[in-house]
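Listed here are the chains, written in short residue letters.
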Protein chains: 2
Amino acid sequence: MENETTETRGRILEAAAVVFAEHGYAATTIRMICGRAQVNLAAVNYHFGNKERLYREVLLYARSCAYDRYPPTYGLADGAAPEQRLHAFIRSFLLRTSCDERNLGFGTLVMRELVEPTTALDMLIDEGIRIMFGQLVDIVRPLLGEQVEEELVLACARSIISQCLFYLFSRPVIRRMAPEQKFNHEDVEMITGQIMFFSMHALNGISESRCRRERPHA
Amino acid sequence: MENETTETRGRILEAAAVVFAEHGYAATTIRMICGRAQVNLAAVNYHFGNKERLYREVLLYARSCAYDRYPPTYGLADGAAPEQRLHAFIRSFLLRTSCDERNLGFGTLVMRELVEPTTALDMLIDEGIRIMFGQLVDIVRPLLGEQVEEELVLACARSIISQCLFYLFSRPVIRRMAPEQKFNHEDVEMITGQIMFFSMHALNGISESRCRRERPHA
DNA sequence: GTTTGTATCAAACATCTGTTTGAATGGCAA
DNA sequence: TTGCCATTCAAACAGATGTTTGATACAAAC
């Protein structure tokens, strides 16, 4: 055909991302996807083999879309200070997993995969989550001062990433308890600020208390 | 029959909680539940009407079991200090949502409901989540010092509850990245300690920085 | 004993599911 | 043209799903 990947294949991929994100793997039917993509029912099995393989390709496709738009260094200058690097990490994470249509529901797809793991979760962990968390750990380490145990760095990194995940997982609740929250770019800036505010106070406090322990009554 | 609620009904309720927690609403079949409960296929529709009404009753049943075992004041003496109250809140939250079989998968059920809301989510929010969060806010407020804006209290409460939710949502990932973590009672104590460590440093830092702003150069 | 109402059961129901099939289409090289 | 190949399509497939049905069992009430 015209392209190496046919147009039909692309339409299925985009439609499937939206439908899988909205309903989850089990509740999504191939008929929903084909209806939205306006292609024949058999097209999914022709182009992707079966539903599960389509789902795996959707995960990879949505992830590459979201990461292309919002890489972990989004809006960050070279040689920035650790605090700025943390700010950029949190902000790009929130943007990448936000409901922005052009992310193709990446955040929601991963969220669902975490809650109801399929065989695709290992793929996501090995090729994405592990790297992402490692980057955060490298940002947090210098913020905790010198000679800090790695276990403490990991615990702090978990505390920080958990605050980012909160606004991913609790979106349905927040939407009902605080409908004014819209999760647009403006809200992301504010949420980034709140997470930074809380976390930097924690990191600075931990760092200081450890200095005092090293050199008491100084 | 012998009891006001028949034995069959109870068996279905317990079996359904486990199966719904394990597979989610859509992927759970009535045949799975009845097979596990060793009752006839028609028993679900006889005792509960249909699958959705059974699911709602399961949510309420699992919640009451989990809250009976681990109330928000679990292990807390009267008149305890705010910091101890926060410790008890975090610990009971983690225990209540842990994988302990006698919680009937309450944590997992709520987690799934958050990710894929049904009409039952409103019920959970109005009768549970809102109250739980309000209790946390009341614990956090005195820890931030006097005359602090309510919006800041809410943001800090969100930062704290998000760390607790992390160990609920990310369990599948943690299980694969750090298999030594078992989420038993011992691990809960350790995780509680880590969340307290990070959060108290944050709260103290925020509280102090605001005092300094009130009385500069004091 | 007869009736009544609750509870259980095997079987069937209509519908929806993912997948397959075989024919039709259309572009392209020989 | 002819043959070839990738692609699309309507139709059908077998199996699973939630739900219903009508028969049966059984204890209590009359």
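Here the structure is a predicted model, which means the values were calculated and not measured.

Engineer: Summarise the protein's contact with DNA strand D; cite the residues concerned and give the values.
Structural biologist: Around DNA strand D sit 17 residues, and of these A:Thr8, A:Tyr46, A:His47, B:Thr29 and B:Lys51 come closest. Taken together, the sugar and phosphate atoms account for 55% of what DNA strand D places within 4 Å of the protein. One of the side-chain N or O atoms of B:Arg31 is found 3.0 Å from a base nitrogen in DNA strand D. Every element with two or more residues in the surface near DNA strand D is listed here: α3 (43-48) of chain A together with α2 (30-37) of chain B.

Engineer: Which residues make up unusual backbone geometry, and what are the values?
Structural biologist: Of note, the phi angle at A:Gln147 is positive, near 50°, even though the residue is not glycine. A relative accessible area of 74% places A:Gln147 in the exposed class. Here the phi dihedral of B:Gln38 falls at roughly 55°; this positive angle occurs in a residue that is not glycine. Mapped onto the elements of the fold, B:Gln38 is located in the loop between α2 and α3 (43-48). Since its relative accessible area comes to 68%, B:Gln38 is described here as exposed.

Engineer: Tell me about the state of the cysteines, residues and numbers included.
Structural biologist: If you walk through the whole model with that rule in mind, you get zero disulfides over all chains. Lacking any disulfide linkage, A:Cys34 is separated from the closest cysteine sulfur, that of A:Cys65, by 20 Å. Classification of A:Cys34 by relative accessible area gives buried; the value is 4%. Take B:Cys65: it sits in no disulfide, and the sulfur closest to it among the cysteines is that of B:Cys99, at 16 Å.

Engineer: Help me get a handle on the protein's contact with DNA strand C, residues and values and all.
Structural biologist: Residues in contact with DNA strand C amount to 17 residues; listed here are only the nearest, A:Thr29, A:Lys51, B:Thr8, B:Tyr46 and B:His47. Those atoms of DNA strand C that come within 4 Å of the protein belong to sugar or phosphate at a rate of 56%. One nitrogen or oxygen atom from the side chain of B:Thr8 is found 2.3 Å from a phosphate oxygen belonging to DNA strand C. Taken together, the elements giving at least two residues each to the surface near DNA strand C come down to α2 (30-37) of chain A together with α3 of chain B.

Engineer: Give me the lowdown on the packing of aromatic side chains, citing residues and values where you can.
Structural biologist: Taken as a whole and assessed by the stated rule, the structure comprises 14 aromatic pairs over all chains. Ring geometry for A:Tyr25 and A:Tyr55: centres 5.0 Å apart, planes at 65°, overall edge-to-face. In this pair, A:Tyr25 sits in the loop between α1 (7-23) and α2 while A:Tyr55 sits in helix α4 (residues 51-69), placing the two residues 30 residues apart along the sequence. According to the relative accessible area criterion, A:Tyr25 is partly exposed, its value standing at 27%. Here A:Tyr55 falls in the buried class, since its relative accessible area comes to 5%. Relative to B:Phe169, the ring of A:Phe169 lies with its centre 3.8 Å away and its plane at 20°, an arrangement referred to as stacked. Linking A:Phe169 in helix α8 (residues 150-169) with B:Phe169 in helix α8 (residues 150-169), this pair reaches from one chain into another. Taking relative accessible area as the criterion, A:Phe169 reaches 2% and is therefore assigned buried. These aromatic residues form a ring-pair network of at least three members: A:Phe20, A:Tyr25 and A:Tyr55.

Thresholds applied
Residues numbered from 1 in each chain as written. Chains lettered and ligands numbered in written order. Predicted model: local features only at pLDDT ≥ 70, side-chain atom pairs only at ≥ 80, totals over all residues. Heavy atoms only, no water. Near = heavy atom within 4 Å. Polar contact = N/O pair within 3.5 Å; in protein donor to acceptor, adjacent residues only side chain to side chain. Helix = DSSP H or I, 4+ residues; strand = E, 2+ residues; numbered from the N terminus. Buried < 20%, exposed > 50% of the residue type's maximum accessible area, 1.4 Å probe, protein only. Disulfide = S-S within 2.5 Å. Phe/Tyr/Trp six-rings, centres within 6.5 Å; stacked < 30°, edge-to-face > 60°.

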